[in-house]
Amino acid sequence: MRKLDKTLIIGIGNNTRQDDGLGWCFLDKLVEAGFNEDQLLYKYQLMVEDAELISEYETVIFVDANKTTLDKGFSIERFYPAEKVAFSTHAVPPNQILNLCETIYHKKPKAYVIKIDGYSWNFTISLTNKATENLNNSLSCFKSFAF
Amino acid sequence: MNKKKIVIEPVTRVEGHGKVTIKMDENGKVEDAFLHIVEFRGFEKFIQGHPYWEAPVLVQRLCGICPVSHHIAAAKAIDQLVGVDPENLSPTATKLRKLLHYGQVFQSHSLHFFYLASPDILFGINAPAENRNIVAVAAENRELAKKGILMRKFGQEIIKALAGKKIHGILAVPGGVHKTFTNQERQYFLDGIQIPNIDTMIEWSKEIIDFMKNYHLENAKWIDNFAAYPSNHLGLVHKETGALELYDGRLRSVDFEGKELLNIEDIEYRYHFKEAVEPWSYLKFPYMTKYGRENGWNRVGPLARINTCSHISTPLAEIERQIFKAYTQNKPNNMTMHTHWARLIEMLHCAELIKELLFDDEIMGTDLVRKGTPRNKGIGIIEAPRGTLIHEYHTDDKGLITKCNLIVSTTHNNEAMNRGVRAVAQEVLNDKPEITEPMLNQVEMAIRAYDPCLSCATHALGEMPLIVKIEDHLGNLIDEKIR
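Residues numbered from 1 in each chain as written. Chains lettered and ligands numbered in written order. Predicted model: local features only at pLDDT ≥ 70, side-chain atom pairs only at ≥ 80, totals over all residues. Heavy atoms only, no water.

The name given to chain B in an unreviewed UniProt entry is NAD(P)-dependent nickel-iron dehydrogenase catalytic subunit, with the source organism recorded as Lutibacter maritimus.

Chain A is annotated in an unreviewed UniProt entry as Hydrogenase maturation protease of Lutibacter maritimus.

Asks: Would you explain the overall build of chain A in this entry?
Replies: When you go through chain A residue by residue, the secondary structure sums to 4 helices and 5 strands. In chain A, the succession of helices and strands from N to C terminus is β-α-β-α-β-β-α-β-α. Its C-alpha atoms give chain A a radius of gyration of 15 Å, within 12% of the compact-globule value 15 Å for 147 residues. By principal-axis analysis of the C-alpha atoms, chain A measures approximately 40 × 35 × 25 Å. (Helix = DSSP H or I, 4+ residues; strand = E, 2+ residues; numbered from the N terminus. Rg over C-alpha atoms; globule rule 2.2 N^0.38 Å.)

Asks: Would you mind showing me how to read the UniProt feature "binding site: Ni(2+)" (unreviewed entry) in chain B here?
Replies: All names here are of chain B. Cross-referencing UniProt, the feature "binding site: Ni(2+)" (unreviewed entry) maps to Cys 63, Cys 66 and Cys 453 in the present numbering. By the element assignment, Cys 63 lies in the loop between helix 2 (55-58) and helix 3 (67-81). For Cys 63, a relative accessible area of 5% puts it in the buried group. Mapping Cys 66 onto the fold places it in the loop between helix 2 and helix 3. The class of Cys 66 is buried, set by a relative accessible area of 5%. (UniProt positions renumbered as here; feature names shortened; annotations may be inferred. Buried < 20%, exposed > 50% of the residue type's maximum accessible area, 1.4 Å probe, protein only.)

Asks: Hey, could you run me through helix 3 (residues 94-105) of chain A in this one?
Replies: Residues spaced three or four apart along an α-helix point in a common direction, a consequence of the helix completing one turn every 3.6 residues. The first and last C-alpha atoms of helix 3 of chain A sit 16 Å apart over 12 residues, in line with the 16 Å expected at 1.5 Å per residue. By the burial criterion, the buried members of helix 3 of chain A are A:Gln96, A:Ile97, A:Leu98, A:Asn99, A:Leu100, A:Cys101, A:Ile104 and A:Tyr105. Packed against the buried residues of helix 3 of chain A are helix 2 (50-54), strand 3 (59-66), strand 4 (74-79) and strand 5 (110-117) of chain A together with helix 5 (134-140) and helix 6 (142-163) of chain B. One or two steps after helix 3 of chain A, the chain reaches A:His106, where phi turns positive at roughly 55°. (Expected span 1.5 Å × (residues − 1). Contact = heavy atoms within 4.5 Å.)

Asks: I would appreciate a short explanation of the environment of B:Glu320 in the present structure.
Replies: All names here are of chain B. Inspection of the secondary structure puts Glu 320 in helix 12 (residues 315-326). Sequence separation between Glu 320 and Ala 423 is 103 residues, and the spatial gap between their C-alpha atoms is 28 Å. Setting aside residues up to four positions removed in sequence, Glu 320 forms contacts with Ile 209, Lys 213, Ile 345 and Leu 348. Side chain to side chain, Glu 320 and Lys 213 meet in a polar contact 2.9 Å long. (Polar contact = N/O pair within 3.5 Å; in protein donor to acceptor, adjacent residues only side chain to side chain.)

Asks: Can you help me understand the packing of aromatic side chains in this one?
Replies: For any two aromatic rings, the description comes down to two numbers: the centre-to-centre distance and the angle of the planes. Residues and elements named next belong to chain B. What the rule picks out here adds up to 14 aromatic pairs over all chains. When the ring of Phe 113 is compared with that of Phe 114, the centres are 5.4 Å apart and the planes differ by 85°; the resulting orientation is edge-to-face. Taking relative accessible area as the criterion, Phe 113 reaches 1% and is therefore assigned buried. Look at Tyr 229 and Trp 297: their rings are 6.4 Å apart centre to centre, the planes differ by 45°, and that puts the pair in the tilted class. Within this pair, whereas Tyr 229 is found in the loop between helix 9 (220-225) and strand 6 (232-237), its partner Trp 297 is found in the loop between helix 10 (292-295) and strand 11 (298-299), the two being separated by 68 residues in sequence. The exposure class assigned to Tyr 229 is buried, which follows from its relative accessible area of 9%. (Phe/Tyr/Trp six-rings, centres within 6.5 Å; stacked < 30°, edge-to-face > 60°.)

Asks: What's the story with the UniProt feature "binding site: Mg(2+)" (unreviewed entry) in chain B in this structure? I'm lost.
Replies: All names here are of chain B. According to UniProt, the positions carrying the feature "binding site: Mg(2+)" (unreviewed entry) are Glu 44, Leu 406 and His 459. In this structure, Leu 406 sits in strand 14 (residues 401-407). Judged by its relative accessible area of 1%, Leu 406 is buried.

Asks: Is there a simple way to explain unusual backbone geometry in this structure?
Replies: Negative phi is the rule for most residues except glycine; trans is the rule for most peptide bonds. Here the phi dihedral of A:Gln18 falls at roughly 50°; this positive angle occurs in a residue that is not glycine. Along the chain, A:Gln18 falls in the loop between strand 1 (7-12) and helix 1 (22-32). Positive phi is not limited to glycine here, since B:Ala227 has a value of about 55°. Given the relative accessible area of 5%, B:Ala227 is considered buried.

Asks: Any chance you could explain the sheet that holds strand 2 (residues 40-43) of chain A here in plain terms?
Replies: In a beta sheet, neighbouring strands pair by backbone hydrogen bonds and run either parallel or antiparallel. Residue and element names in this part refer to chain A. Judged by pairing direction, the sheet is mixed, and its 5 strands sit side by side in the order 2-1-3-5-4 without closing on themselves. At either margin of the open sheet sits one strand with a lone partner, and together these are strand 2 and strand 4. Each neighbouring strand pair of the sheet contributes to a mean axis angle of 20°, computed without reference to strand direction. In the sheet, strand 3 pairs with strand 5 via 8 bridges, with the strands oriented parallel. Among the inter-strand pairings, Val 60 is bridged to a residue of strand 5, identified as Ala 111. Lying over the sheet, helix 1 contacts strand 1, strand 2, strand 3 and strand 5, oriented at roughly 155° with respect to strand 2. Set on the sheet, helix 4 (residues 129-146) makes contact with strand 1, strand 3, strand 4 and strand 5; between it and strand 4 the angle comes to about 45°. (Pairing = 2+ DSSP bridges. Axes fitted to C-alpha atoms, helices over the stretch in contact; angles between N-to-C directions.)

Asks: Looking at this structure, how should I read the packing of helix 4 (residues 91-123) of chain B against helix 8 (residues 198-218) of chain B?
Replies: A pair of packed helices is captured by two measures, namely the crossing angle of their axes and the spacing between those axes. Residues and elements named next belong to chain B. Taken N-terminus to C-terminus, the directions of helix 4 and helix 8 make an angle of 30°; their axes are 13 Å apart at the nearest point. As judged from the angle between their axes, helix 4 and helix 8 are roughly parallel. Handedness of the helix 4/helix 8 crossing: left-handed. Across the interface between the two elements, Phe 106, Phe 113, Phe 114, Asp 120, Ile 121 and Leu 122 from helix 4 touch Met 201, Ser 205, Ile 208, Phe 211, Met 212 and Tyr 215 from helix 8. When its residues are assigned to classes, the contact of helix 4 with helix 8 shows 10 nonpolar, 1 polar and 1 charged. (Parallel < 35°, antiparallel > 145°, perpendicular 65-115°, else oblique. Left-handed = near helix turned anticlockwise from the far one by under 90°. Nonpolar A, V, L, I, M, F, W, Y, C, P; charged D, E, K, R; others polar.)

Asks: Even after reading the chapter, I still don't get helix 7 (residues 183-190) of chain B, so can you show me in this structure?
Replies: Turning to helix 7 of chain B, its buried residues number three or more, namely B:Arg186, B:Tyr188, B:Phe189 and B:Leu190. Immediately beyond the C-terminal end of helix 7 of chain B, within one or two residues, lies B:Gly192, with a positive phi of roughly 70°.

Asks: Help me out: how do you make sense of the packing of helix 12 of chain B against helix 13 (residues 338-358) of chain B in this one?
Replies: All names here are of chain B. Relative orientation of the contacting elements helix 12 and helix 13 amounts to 165°, with a least axis distance of 8 Å. One way to sum up the angle between helix 12 and helix 13 is to call them roughly antiparallel. In the crossing of helix 12 with helix 13, the sense of the turn from one axis to the other is left-handed. Between helix 12 and helix 13, the contacting residues are Pro 315, Leu 316, Ala 317, Glu 320, Arg 321, Ile 323 and Phe 324 on the first element and His 338, Trp 341, Ala 342, Ile 345, Leu 348, His 349 and Glu 352 on the second.

Asks: Please explain the sheet that holds strand 8 (residues 260-265) of chain B as it appears in this structure.
Replies: Residue and element names in this part refer to chain B. Strand order in the open sheet made by the 4 strands is 8-7-6-11, with mixed pairing throughout. The sheet terminates laterally at strand 8 and strand 11, the two strands that pair on one side only. Judged from the 2 bridges that link them, strand 6 and strand 11 form a sheet pairing that is parallel. When the sheet's bridge partners are listed, Asn 232 is paired in strand 11 with Asn 298.

Asks: Help me out: how do you make sense of the state of the cysteines in this one?
Replies: Each disulfide consists of a covalent bond between the sulfur atoms of two cysteine residues. Residues and elements named next belong to chain B. Throughout the structure, instances matching the rule amount to 0 disulfides over all chains. In this structure Cys 350 is not part of a disulfide, and its nearest cysteine sulfur, from Cys 309, lies 13 Å away. Since its relative accessible area comes to 0%, Cys 350 is described here as buried. (Disulfide = S-S within 2.5 Å.)

Following this line, the structure appears as structure tokens:
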């Protein structure tokens, strides 16, 4: 796992809202695989202060559930700081956090987002079968290039 | 000219969904203005049937910004259900809850000032929308942004240390708390190694008050007059001294000139307050029964608290309070934008209180939980960051909740926000029934000064976006902007 030294992985979501828990479940699976828990962060949502946090890492990976349909049920993409920003305490996208990190701390960590398709968002603590399949596929892919 | 109606929906940089409607008369003058709260949640209903001890855990899900406030208010009520009044809680439990509460107020006030309000103050009313956000603040004043982030972080770290996590953690249990504080945890906030220490927080709080005072000196005309109007003010005060009180005290209300309207034991609130409803909003309108719906409403929050207290118990914040009060010749301050100034004084007060508690060895005590004779009714009232927060629970003999009443801070401020919107609308819209960007922003600023949490107030899930509409007297849409 040396490739992931100085890497922070942020799972975004809410595990009490069914497939919205995909980001957290991804981290749970990494813990089971022996990944360093100090490099994992469970978040309901991103906030401005996360810019300070990611400034301390060389690489940051955001994992979140996805509502649209991706070809493989998941995607892993590199992304860059947003050029335009808006702010709400209820939704700060990762590319805006990168922008803040660059603006305030003059740091530019490499950033990736892992999107995993979810299908149901009810008040339930468990993933749908299809979302679980997407989670496992995304983990396999992630491990193959990261570990 | 026909009557017209302007609607702003949703309101931005506030916590929750809001919509503003402004009605114009036939002569192009503002006839009336309304802030509609269009969310509905129903926490008071669906908590019924749950065991009482779940309340402090469940109700904090009302909000991701001030869960600690709901946790503590509910805990104070639940204490009574197990027969423990606030004065009978162990000193360690009381102090740990207060430390959690002050950490919450400190981080919430930091968030509001630095993330939400500072763009208005740094860039002014007429700044383009794309500049009115924390990123533009960061580009304009990097040090200010850094301090804002670290101040909020400090408060959140206090919460994490006590409640286990920054959002939706748990410290309080019926009759006390479930954990004490360790010396290692205390040192984290004192040694300044991993995060700036509490002395730095106090210094930065003083700096930001100086920033605000200087800003006021340069912009007194608009900051004094913007959305200013007379009102009553409500807040908790210390039971013996009358000082500013955030955790437990008497409810005191004064009118716009300082005449005392109410001074009661907090648990007697039911006998002195009623809640009115309007068909156009899910948000209720609390008022003091004795003075009626029209004259009995109050502002709550930082401005109201400074107006209702006799003094502040910590020295540095008291100096700032005296300066603040001197500006209005010791009369209540009814200038809405001065709420930001008052909020910063409270930040300093909380920082001083946190320091006092960090140096108090009792926070590391082991007497954590007390018990008494169970009762069927409990009322918990605290001063949350946004104002007076009331939780009341009734249970059956099995301990299941049969009734719940929540009056949150933003609910108290409902009438005040509506008056603020009306004042701004009359100032900027008369003869110009058109939605411009500066007009939109000014309406929002009048609401934002109260730091409203509309999710809490309607007890809601979802995004937080402002809709403004203009309609004629027949309800026909003339103009609309959504962002």
